[in-house]
Amino acid sequence: MKTMVIIGAGKGLGLSLARRFGAEGFRVALVARGAQKLQEMVDELQTAGIEAAYFTADLYVPEQIKQAIDDITAAFGPIDVLEFSPTAGNYPPTSVLELTPDNAQDMFGAYVLSAVHVVNAVLPGMRSRRQGALLFTTGLSALHAIPMMGNVGIATSGLRSYVANLNAELAAEPLFVAHRSLGVLLKEAGSGSVNDPDTVAEMWYRAYSEQAVWEQEYPPGVTPATIVF
């Protein structure tokens, strides 16, 4: 049985991903800060017959990230798929004209530095086994200028650069590194629309299964002018 880890798991996309991959026989490990929310998600997944557990970690604290990955490996065995999609940061999205070192650095730490810590914790095992997938979900500001998302854009475009370099470096190995930049405002699951997190989870499962396209906007071709609300 394979194991999937969702970093920054919440009741939107994280839960939909857990259900979709869990339906294919994956064990699911949910990682975030809030134990109560995570327990509710685990209860829902277990009711659906999906083996799941949660592990708390603050993404700003490297030691907690490493401990969570160590605990997951001890409980579930090797990690086959890592999906990274936290909603993080101690500041709201901030206009590029209102940036400060504090709100820019905070968001950079939440996305880029935490991703580096997470990857450093899981990648050696994947490389030694010569199998695994690293999946990263961001917003559209990772690829396009959106001035109102100034601090977020700095962070997610930096994360995108990191993922692009991982993909280039690991291309010769049988590992899949992928990035999807979402141009949708996610809503409640169940509508079947492009901004349904279940639809996004299905997109991610197809991308993982096919392992053909490392990076894409979602929906394909979306721009800041055509974001789906």
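Residues numbered from 1 in each chain as written. Predicted model: local features only at pLDDT ≥ 70, side-chain atom pairs only at ≥ 80, totals over all residues. Heavy atoms only, no water.

**Quick look at the packing of aromatic side chains**
The criterion, for reference: Two rings belonging to Phe, Tyr or Trp (six-membered ring only in the last case) form a pair when the distance between their centres is within 6.5 Å. Interplanar angles under 30 degrees mark stacking, angles over 60 mark edge-to-face geometry, and anything in between is tilted. A run of DSSP states H or I qualifies as a helix once it reaches four residues; a run of E qualifies as a strand once it reaches two. Both are numbered from the N-terminal end.
Going through the model one piece at a time under the given rule, you end up with 7 aromatic pairs. A centroid spacing of 5.1 Å and a plane angle of 80° characterise the contact between Phe21 and Tyr205, whose relative ring orientation is edge-to-face. Within this pair, whereas Phe21 is found in helix α1 (residues 13-23), its partner Tyr205 is found in helix α6 (residues 197-210), the two being separated by 184 residues in sequence. Plain terms: the ring middles of Phe84 and Phe136 are 5.9 Å apart, the flat faces sit at 50° to each other, and that makes the pair tilted. Of the two residues, Phe84 sits in strand β4 (residues 81-84) while Phe136 sits in strand β5 (residues 133-139), which places them 52 residues apart along the sequence. An aromatic cluster of three or more residues is present, and its members are Phe21, Phe26, Tyr205 and Tyr208.

**Let's talk about the side chain of Thr137**
So the rule is basically this: Here a polar contact is taken to be a pair of N or O atoms separated by no more than 3.5 Å, where protein atoms must pair a possible hydrogen donor with a possible acceptor and residues adjacent in sequence count only if both atoms sit in side chains.
Along the chain, Thr137 falls in strand β5. Polar contacts involving the side chain of Thr137 include one to the side chain of Glu83, which spans 2.7 Å.

**So, the environment of Val213**
The cut-off we apply is this: When a residue's accessible area, from a 1.4 Å probe over protein chains only, is under 20% of the maximum for its type it is buried; when over 50% it is exposed; and in between it is partly exposed. Pairs of residues are marked as contacts when any of their non-hydrogen atoms sit within 4.5 Å.
Inspection of the secondary structure assignment puts Val213 in the loop between α6 and β7 (215-218). Note on Val213: relative accessible area 38%, which makes it partly exposed. The sequence separation of Val213 and Asp106 amounts to 107 residues, and the corresponding C-alpha distance is 31 Å. Once you skip the residues sitting within four places of it in the chain, Val213 turns out to touch Phe176 and Arg180.

**Re the packing of α1 against α6**
A packed helix pair is summarised by two numbers, namely the angle formed by the two axes and the spacing between the axes. Quick reminder of the rule: Only the contacting stretch of a helix is used when fitting its axis, a line to C-alpha atoms as for every element, and angles between N-to-C directions run 0 to 180 degrees. Here is the rule for angles: anything less than 35 degrees is roughly parallel, anything more than 145 is roughly antiparallel, 65 through 115 is roughly perpendicular, and the remaining ranges are oblique. Should the near helix be turned anticlockwise from the far one by less than a right angle, the crossing is termed left-handed; should it be turned clockwise, right-handed.
Where α1 meets α6, the axes come as close as 8 Å, and the angle between the chain directions of the two elements is 50°. One finds that α1 runs oblique with respect to α6. Both α1 and α6 take part in a crossing whose hand is right-handed. Contacts between α1 and α6 involve Leu13, Ser16, Leu17, Arg19, Arg20 and Phe21 from the former and Pro197, Asp198, Val200, Ala201, Glu202, Trp204, Tyr205 and Tyr208 from the latter.

**Thoughts on the layout of surface pockets**
Over the atoms rolls a probe the size of a water molecule, and its path tells where empty space is left. Threshold: Each cavity reported here is a set of points on a 1 Å grid over the protein atoms alone in which a 1.4 Å probe fits but cannot get out, each pocket an open set with protein on both sides within 12 Å along at least five of seven lines, and each lining residue one with an atom within 4 Å of a point. Grid points are joined across faces, edges and corners, and a volume is the space filled by probe spheres set on the points. All amino acids are sorted into three groups, where Ala, Val, Leu, Ile, Met, Phe, Trp, Tyr, Cys and Pro are nonpolar, Asp, Glu, Lys and Arg are charged, and the leftover types, Gly among them, are polar.
Estimated volume of the largest pocket: approximately 1100 Å³. Residue lining of the largest pocket: 41 residues in total, with Pro86, Thr87, Tyr111, Thr138 and Gly139 positioned closest to the centre. For the lining of the largest pocket, the secondary-structure elements that each account for two or more residues are α1, β2 (27-32), α4 (101-129), β5 and α5 (150-170). Tallying contributions element by element places β5 first for the lining of the largest pocket, with 3 residues. Along the lines of polarity and charge, the residues of the lining of the largest pocket split into 23 nonpolar, 13 polar and 5 charged. In this structure, the second largest pocket encloses a volume near 160 Å³. Forming the boundary of the second largest pocket are Arg180, Met203, Arg206, Ala207, Glu210, Gln211, Ala212, Val213, Gln216, Glu217, Tyr218 and Pro220. For the lining of the second largest pocket, the elements supplying multiple residues, two or more each, are α6 and β7. Considering each element in turn, the lining of the second largest pocket owes the most residues, 4 residues, to α6.

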